[in-house]
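# A structural walkthrough
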Amino acid sequence: MKRVKTLPFIVSSQPTKVDIRCCGCKSLINSDQLRLGVREYKSSSWFHYVCFWTNCYYRNHLRGVDGNTLAELVDGFSGIPPSDKSRLLTDASSAPSIGRRKSGSKLEIPYEGSEADGDYELDDNTFDLTNLVCCSVTKVQTNLHVSIRKYFIPRGRTCAKPTKYGISLNCEQWNKLELQVDDINSAIATTQKTLKDKEKEKDKKDCKDKNKLPGKEEFPDWILFSLSWKRRVGVFASGEEVVVDIREFSEEKTFSESDRGIRLKPDQWKQLQENINNINKSLRKLS
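About the cut-offs
- Every chain is numbered independently, its residues counted from 1 as its sequence is written.
- In keeping with the predicted nature of the model, local features appear solely for residues at pLDDT of at least 70, side-chain atom pairs appear and are counted solely at 80 or more, and the whole-chain, interface and lining totals rest on all residues.
- Based on all heavy atoms of the structure, the side-chain values leave hydrogens and waters out of the count.
- Strands are runs of DSSP state E lasting at least two residues, helices are runs of H or I lasting at least four, and both sets are numbered from the N terminus onward.
- Three labels apply to residues, based on accessible area from a 1.4 Å probe with only protein chains included: buried if under 20% of the type maximum, exposed if over 50%, partly exposed otherwise in between.
- In this description, contact between two residues means that some pair of their heavy atoms is separated by no more than 4.5 Å.
- In short, Shrake-Rupley with a 1.4 Å probe defines the accessible areas, and a residue's cover is counted only from the protein chains shown.
- Any two strands are treated as partners once DSSP identifies two or more bridges connecting them.
- To be clear, the arc concerns the directions from the helix axis to the C-beta atoms.
- When two rings of Phe, Tyr or Trp (its six-membered ring) have centres within 6.5 Å they constitute a pair, described as stacked for plane angles under 30 degrees, edge-to-face for angles over 60, and tilted for the intermediate range.
- Whether a charge lies above a ring is judged from NZ of Lys or CZ of Arg, which has to be within 6 Å of the ring centre and within 35 degrees of the ring normal.
- One speaks of a salt bridge when a side-chain nitrogen belonging to Lys or Arg is within 4 Å of a carboxyl oxygen belonging to Asp or Glu.
- The definition of a polar contact used here is a pair of N or O atoms within 3.5 Å, where within protein one atom must be able to donate a hydrogen and the other to accept one, and adjacent residues in sequence count solely through side-chain atom pairs.

Another aspect to go through is the overall build of the protein. The secondary structure content of the protein amounts to seven helices and 14 strands. The buried share of the protein, reckoned over its 287 residues, is 43%. Partitioning the intrachain contacts of the protein with sequence separation of at least 6 by distance along the chain shows that 56% fall at a separation of at least 24. Summing over all exposed atoms, the protein offers an accessible surface of approximately 16900 Å²; the carbon and sulfur share of this is 47%.

This part is about the sheet that holds strand β6 (residues 74–75). Taking strand neighbours across the sheet as the criterion, the four strands line up as β5-β4-β1-β6 in an open arrangement whose pairing is mixed. One side of each edge strand has no neighbouring strand; the edge strands of this open sheet are β5 (43–48) and β6. Here strand β4 (residues 35–40) pairs with β5 via six bridges, running antiparallel. Pairing of Gly-37 across the sheet is with Trp-46, part of β5.

Here we take up the pairing of β4. Pairing geometry for strand β1 (residues 9–12) and β4, over four bridges, is antiparallel. The partner of Ile-10 across the bridge, within β4, is Gly-37.

Within helix α3 (residues 82–92) the residues assigned to the buried category are Asp-84, Leu-88 and Ala-92. Around the axis of α3, the buried residues are gathered within 65° of arc, so they sit on the same side. Summarising the geometry of α3, the exposed residues directed more than 90 degrees from the buried face are Pro-82, Ser-83 and Thr-90. Elements that come into contact with the buried residues of α3 comprise β4, α1 (49–55) and α2 (67–73).

With that settled, consider the packing of aromatic side chains. Tallied over the entire structure, the rule returns six aromatic pairs. Taking 6.2 Å as the distance between ring centres and 75° as the angle between the ring planes, the aromatic pair formed by Tyr-49 and Trp-53 counts as edge-to-face. You can see Tyr-49 and its partner Trp-53 sitting in helix α1, four residues apart, about one turn around the helix. Residue classification places Tyr-49 among the buried positions, given a relative accessible area of 4%. The class of Trp-53 is buried, set by a relative accessible area of 9%. Feature note: the residues Phe-9, Phe-47, Tyr-49, Phe-52, Trp-53 and Trp-229 constitute an aromatic cluster, connected by ring pairs. In this arrangement the basic side chain of Arg-35 is found over the ring face of Trp-46, its NZ or CZ atom lying 5.4 Å from the centre. A cation over a ring is seen here: Arg-232 above Phe-249, with NZ or CZ 6.0 Å from the ring centre.

What follows covers the pattern of salt bridges. Under the criterion given, the structure shown has five salt bridges. A salt bridge links Asp-75 to Arg-39; the shortest N-O distance between them is 2.9 Å. Pair noted here: Asp-75 is in strand β6 and Arg-39 is in strand β4, with a separation of 36 residues, a long-range link. Given the relative accessible area of 27%, Arg-39 is considered partly exposed. Measuring nitrogen to oxygen at the nearest pair gives 3.6 Å for the salt bridge that ties Arg-260 to Glu-248. Placement of the pair is Arg-260 in strand β14 (residues 257–264) and Glu-248 in strand β13 (residues 241–249), with a sequence separation of twelve residues.

So, on to the environment of Trp-229. By the secondary structure assignment, Trp-229 is in the loop between β11 (223–226) and β12 (231–238). Sequence separation between Trp-229 and Gly-64 is 165 residues; the distance between their C-alpha atoms is 9.5 Å. A distance of 3.3 Å separates a polar side-chain atom of Trp-229 from the backbone oxygen of His-61.

Interpretation in functional terms is not warranted from these geometric data alone.
What follows is the structure, encoded as structure tokens:
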């Protein structure tokens, strides 16, 4: 028997003979009214369209996604009228609510060397992005991964080793990132222009904590690109420069940023683009 893939969300505007009650406001949903639902075990929880974005626990999982990802997550998306489809795309493209990072969650690195300490060595299939941030291609059993991580140099050694600070992308996510490089560069240029315009209006204040993840209030103009359901590429201004943040979001209600991710400075993002062909060669070599 062929197994059918079940999508986590469902949308419909088709008339129904069965009374459907909204799980948000607890009132009945008109049979021909646009409604969004979450598939649970052997059943679905339905919401008014407006109630979904205000009351549904999983609403932020549909925030900050593009049309292709939305079609992969929402069953019935292709069957709704164009006006409803455009409305859903507009609401889904907005950024999720970002929670503050909990205090005491800063990652500790045992020892961090630098180029000033001497030239450091890297393993095969590992590419330097400057300042001890590297991209490596690894194979775990039959799965290939592209990892972008912060590295460190153990005391008394010259070979750099990866830390837990970073993110590992599977082949599908890496291909999506590669396809969106031009769009990300356009977003960087747009953010740089916006940053210059703001500097003309008033003096830019120094960021108190450069290592703190950006919040919605600090960087309201950040731009998101989706790699998967929970993983995003964010482009935003951090201090006086524009950075590219590749990160996984947690499953909490606030859909807050997790520690699983990496923030690339402009020179590191440039180095990553220059090494795309080498990374793809390593993927083909290990496949």
